[in-house]
Structure formats: C-alpha cells, structure tokens
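The lines below spell out each chain.
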Amino acid sequence: MEMAHTYDESGRPDSAPEDEQEPVLDEGLTDESAPDASAPESAPAADEEVARLRDALLRTRAEMDNLRKRSERDLERSRRYINESLMKDLVPVLDALDQGLENAAPDDATLREGLSMIRSQMLQSLSRHGLEVIEPEGEPFDPDWHEAMSMQASTQHEPDSVMLVLQRGYTLHGRLIRPARVIVARAP
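This is a predicted model, so every value here is computed, not measured.

A.B. asks: Lay out helix H3 (residues 109–128) in plain terms, naming residues and giving numbers.
C.D. replies: Three- or four-residue spacings in an α-helix give side chains the same orientation, since the helix completes a turn every 3.6 residues. For H3, spanning 20 residues, the distance from its first C-alpha to its last is 28 Å, which sits close to the expected 28 Å at 1.5 Å a residue. When H3 is considered as a whole, its buried residues turn out to be Leu115, Arg119, Met122, Leu123 and Leu126. Looking down the long axis of H3, one finds its buried residues gathered within 100° of arc, a one-sided arrangement. In H3, the exposed positions angled more than 90 degrees off the buried face are occupied by Thr110, Glu113, Gln121 and Arg128. Buried positions along H3 lie against helix H2 (84–103), strand E1 (131–134) and strand E4 (169–172). Looking at the residues trailing H3, positive phi occurs at Gly130, about 105°.

Printed below as a string of structure tokens:
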C-alpha cells in the first residue's frame, strides 16, 4: 500500500496522518495517560534544576545590565572629553592673547580692545564646551590644581596661599588640562 505524501505551507513533507501518528516522548516526559512512577523522585531534582537555571538567568540579566550601564558611562565620558586635545592646543593661544594684552602699548586702545574682544569670544566659545579657567589668587595652595613656581615671604597673604598667578590653569568638565602656575606665600 502506497502512502500519499502531503506537504505543509512551507513545502516540507507533513508527518503521518493523525490516525497513524505515534505519541512522541521526550526524555523524562511521559504520555499523560501513562502512570507517573518517577515523578515523586524526580520532582526535587527538577526543582533544583529550575532554581539553578533561574539563578543563572538572574545573574546573566544583572551582568548585561551592568555591561549596559558601563558602556553608557564610557560613551558619556568619551563624549565629554572628546575635545580635550583640541582644548590643550588652544590654551597656548589664550596665553598668547593674554601676553598681547599685557604688552600692548597703553596708548593703543584699539589694539587692546581688539585683543580683549578676541580673547573674550574665544573663552566664551571654549567655556560652552566645558573649559573653565583656574584663577586661584588668594586661595590656599593645592598641588592637584596648582604648580608652585616659587615661594615668597609675604605679610599681606596667608602662609601657603597663592599670592600671584603667573599663568592661568584650565579644566575641562572638572578634569585638569593644565595646572595654574603660581607663586606661593610663606611666612616671613
């Protein structure tokens, strides 16, 4: 007797007609009509396996969540500091503008005004991107933010405070770009 082959929608051969199909049993699973002799013995083992798999799933979810958060932090950090090398390159330009202002002839008001406007515009543009000026005059000396060029005895300033800023320092979003070069006061 020859059987007619039928195909499902995807073009694969159908299994045997329903009346000819035999029940397929997976390992450890039984037909519902069969008596369940091993169920009481395998229930604790199955419960342990479920608990182990649930724990593994929770750990994996936590690891994935931590990885996602770490990636977001790293991406945010890289976005914040992407301009750091550009800022380091532009800081000497600000220094040159400061020197130009200091050395401009007092009677050349046009030059002083022009340099001052350029410096102001440049500083505003850079500050919009997170650059901040460190001007610690009168503040206590902090070696993390200041570079001591010398110490001088002074009665007008507190000991270990910044009495003069030789070169401004700069930070980018709180990260030091260049420390302020200062003269530190000491007791006479």
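Read on for the rest.
A.B. asks: Help me get a handle on the sheet that holds strand E6 (residues 180–186), residues and values and all.
C.D. replies: The three strands lie next to each other as E2-E6-E3, forming an open sheet whose pairing is mixed. The open sheet has two edge strands, strand E2 (146–153) and strand E3 (162–167), and neither has a second partner. Averaged over all neighbouring strand pairs, the angle between strand axes comes to 25°, with direction disregarded. Sheet topology places E2 next to E6; seven bridges connect them, and they run parallel. Across the sheet, Met151 pairs through a bridge with Val184, a residue of E6.

A.B. asks: Describe the nonpolar core, listing the residues and the values that go with them.
C.D. replies: Ranked by internal contacts, the top residues of the largest apolar core, which has 14 residues, are Leu94, Leu126, Leu131, Tyr170 and Ile177. Mapped by element, the contributors of at least two residues to this core are H2, H3 and E4. Ignoring any residue separated from it by four or fewer positions in sequence, one finds Ile177 in contact with Glu84, Lys88, Val91, Leu131, Tyr170, Thr171 and Leu172. Grouped together as the second largest cluster of nonpolar side chains are five residues, Ile134, Val162, Ala180 and Val184 included.

A.B. asks: Just give me the short version of the sheet that holds E4, but keep the residues and values in it.
C.D. replies: Read from one edge of the open sheet, three strands run E1-E4-E5, paired in antiparallel fashion. What marks the edges here is a single partner per strand, and that holds for E1 and strand E5 (175–178). Direction aside, the axes of adjacent strands within the sheet are offset by 35° on average. Relative to E4, E1 runs antiparallel, the two sharing four bridges. Residue Leu131 lies in a different strand from E4, and its bridge partner there is Leu172.

A.B. asks: An account of the confidence of the model for the protein chain is needed here, citing residue identities and associated values.
C.D. replies: A residue-level look at the protein chain finds 78% of positions with pLDDT of 70 or above and a mean pLDDT of 82. Mean pLDDT across the secondary structure elements of the protein chain bottoms out at helix H1 (residues 39–80), with 89, and peaks at E4, with 94.

A.B. asks: Quick rundown of unusual backbone geometry? Include the residues and the values.
C.D. replies: One non-glycine residue, Asp160, adopts positive backbone phi at about 65°. Topologically, Asp160 is positioned in the loop between E2 and E3. The phi angle at His173 is positive, at roughly 50°, despite the residue not being glycine. Inspection of the secondary structure puts His173 in the loop between E4 and E5.

A.B. asks: Summarise the side chain of Thr171; cite the residues concerned and give the values.
C.D. replies: On the secondary structure map, Thr171 appears in strand E4. For Thr171, a relative accessible area of 7% corresponds to the buried category.

A.B. asks: Mind laying out a nonpolar patch on the surface, listing which residues take part and the relevant values?
C.D. replies: Side chains of Met149, Leu164 and Leu166 sit close together on the surface and give an oily, nonpolar patch of about 270 Å² of accessible area. When you line up the elements, Leu164 lands in strand E3.

Criteria and thresholds
- Residues numbered from 1 in each chain as written.
- Predicted model: local features only at pLDDT ≥ 70, side-chain atom pairs only at ≥ 80, totals over all residues.
- Heavy atoms only, no water.
- Helix = DSSP H or I, 4+ residues; strand = E, 2+ residues; numbered from the N terminus.
- Expected span 1.5 Å × (residues − 1).
- Buried < 20%, exposed > 50% of the residue type's maximum accessible area, 1.4 Å probe, protein only.
- Arc of directions from axis to C-beta.
- Contact = heavy atoms within 4.5 Å.
- Pairing = 2+ DSSP bridges.
- Axes fitted to C-alpha atoms, helices over the stretch in contact; angles between N-to-C directions.
- Core = buried A, V, L, I, M, F, W, Y, C linked by side-chain atoms within 4.5 Å.
- pLDDT = per-residue confidence, 0-100.
- Patch = residues over 30% accessible without salt bridge, like charges linked within 9 Å, V, L, I, M, F, W, Y side chains within 5 Å.
- Areas by Shrake-Rupley, 256 points an atom, 1.4 Å probe, with all protein chains shown as cover.
- Salt bridge = Lys/Arg side-chain N within 4 Å of Asp/Glu carboxyl O.

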